[in-house]
Amino acid sequence: MQTVVLNIGGMNCGGCVKNVTGILQGVDGVARADVSLEAKNATVSFDPAKTNPAALIEAVEDGGFEASLSA
């Protein structure tokens, strides 16, 4: 497993957190996604043989939110 932190933009309520969590958990290979409204980020554990950070970012953006890799 590999873990990455994504900056998430466009979240403003608990419903947004649920949406982003669902989007990330729907990506094949994602084991866990912890999304924080306060920190505006998501900590995602995934199988690097099945997905990668670029695919996670794309999934979040396709869902209507902004995403980027945390430094």
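Here the structure is a predicted model, which means the values were calculated and not measured. (Residues numbered from 1 in each chain as written. Predicted model: local features only at pLDDT ≥ 70, side-chain atom pairs only at ≥ 80, totals over all residues. Heavy atoms only, no water.)

Engineer: It is not clear to me how the overall build of the protein chain should be interpreted in this structure. Could you clarify?
Structural biologist: Within the protein chain one finds two helices and four strands. Secondary structure elements in the protein chain, listed N-terminal to C-terminal, are β-α-β-β-α-β. With the C-alpha coordinates aligned to their principal axes, the bounding extent of the protein chain is approximately 35 × 25 × 15 Å. Residue burial in the protein chain is summarised as follows: out of 71 residues, 39% are buried. Surface accessibility of the protein chain: about 3900 Å² in total, with carbon and sulfur atoms responsible for 48%. Taken together, the 4 basic and 8 acidic charged side chains of the protein chain have centroids lying 10 Å from each other. (Helix = DSSP H or I, 4+ residues; strand = E, 2+ residues; numbered from the N terminus. Buried < 20%, exposed > 50% of the residue type's maximum accessible area, 1.4 Å probe, protein only. Areas by Shrake-Rupley, 256 points an atom, 1.4 Å probe, with all protein chains shown as cover. Lys, Arg positive; Asp, Glu negative; His and termini not counted. Charge placed at Lys NZ, Arg CZ, Asp CG, Glu CD.)

Engineer: Before we go on, may I ask you to explain the UniProt feature "domain: HMA" (unreviewed entry) in the protein chain in this structure?
Structural biologist: Within this structure's numbering, the places UniProt gives as "domain: HMA" (unreviewed entry) are residues 2-68. Annotation note: span residues 2-68, helix share 33%, strand share 36%, distance between end C-alpha atoms 17 Å. (UniProt positions renumbered as here; feature names shortened; annotations may be inferred.)

Engineer: How do you make sense of the side chain of Asn41 when you look at a structure like this?
Structural biologist: Relative to the elements of secondary structure, Asn41 occurs in strand β3 (residues 41-46). In this structure, Asn41 is in contact with Val5, Leu6, Asn7, Ile8, Met11, Asp34, Val35 and Ser36, ignoring residues within four places of it in sequence. (Contact = heavy atoms within 4.5 Å.)

Engineer: For this particular structure, what's the right way to read the pattern of salt bridges?
Structural biologist: Two side chains of opposite charge can pair, provided their charged atoms sit close to one another. If you walk through the whole model with that rule in mind, you get one salt bridge. In this structure, Asp34 engages Arg32 in a salt bridge whose closest nitrogen and oxygen atoms are separated by 2.7 Å. (Salt bridge = Lys/Arg side-chain N within 4 Å of Asp/Glu carboxyl O.)

Engineer: Help me understand the state of the cysteines, please; the structure alone is not making it clear to me.
Structural biologist: This structure, assessed with the given rule, holds zero disulfides. For Cys16, which is in no disulfide, the shortest distance to another cysteine sulfur is to Cys13 and amounts to 3.6 Å. Residue class for Cys16 comes out buried when judged on its relative accessible area of 11%. (Disulfide = S-S within 2.5 Å.)

Engineer: Sorry, what's going on with a negative patch on the surface here?
Structural biologist: Taken together, the side chains of Glu58, Glu61, Asp62 and Glu66 present a region of like negative charge at the surface. The residue Glu61 is located in helix α2 (residues 53-62) in this model. The partly exposed category is assigned to Glu61, whose relative accessible area is 43%. (Patch = residues over 30% accessible without salt bridge, like charges linked within 9 Å, V, L, I, M, F, W, Y side chains within 5 Å.)

Engineer: Help me understand the nonpolar core, please; the structure alone is not making it clear to me.
Structural biologist: One recurring pattern in soluble globular proteins is that nonpolar side chains are buried together. With 21 residues, the main nonpolar core has Leu6, Ile8, Met11, Leu24, Val44 and Leu56 as its most contacted residues. If you list the elements that add at least two residues to this core, you get β1 (2-9), α1 (14-25), β2 (30-36), β3 and α2. Setting aside residues no more than four positions away along its own chain, Leu6 makes contact with Leu24, Lys40, Asn41, Ala42, Val44, Leu56, Ile57, Ser68, Leu69 and Ser70. (Core = buried A, V, L, I, M, F, W, Y, C linked by side-chain atoms within 4.5 Å.)

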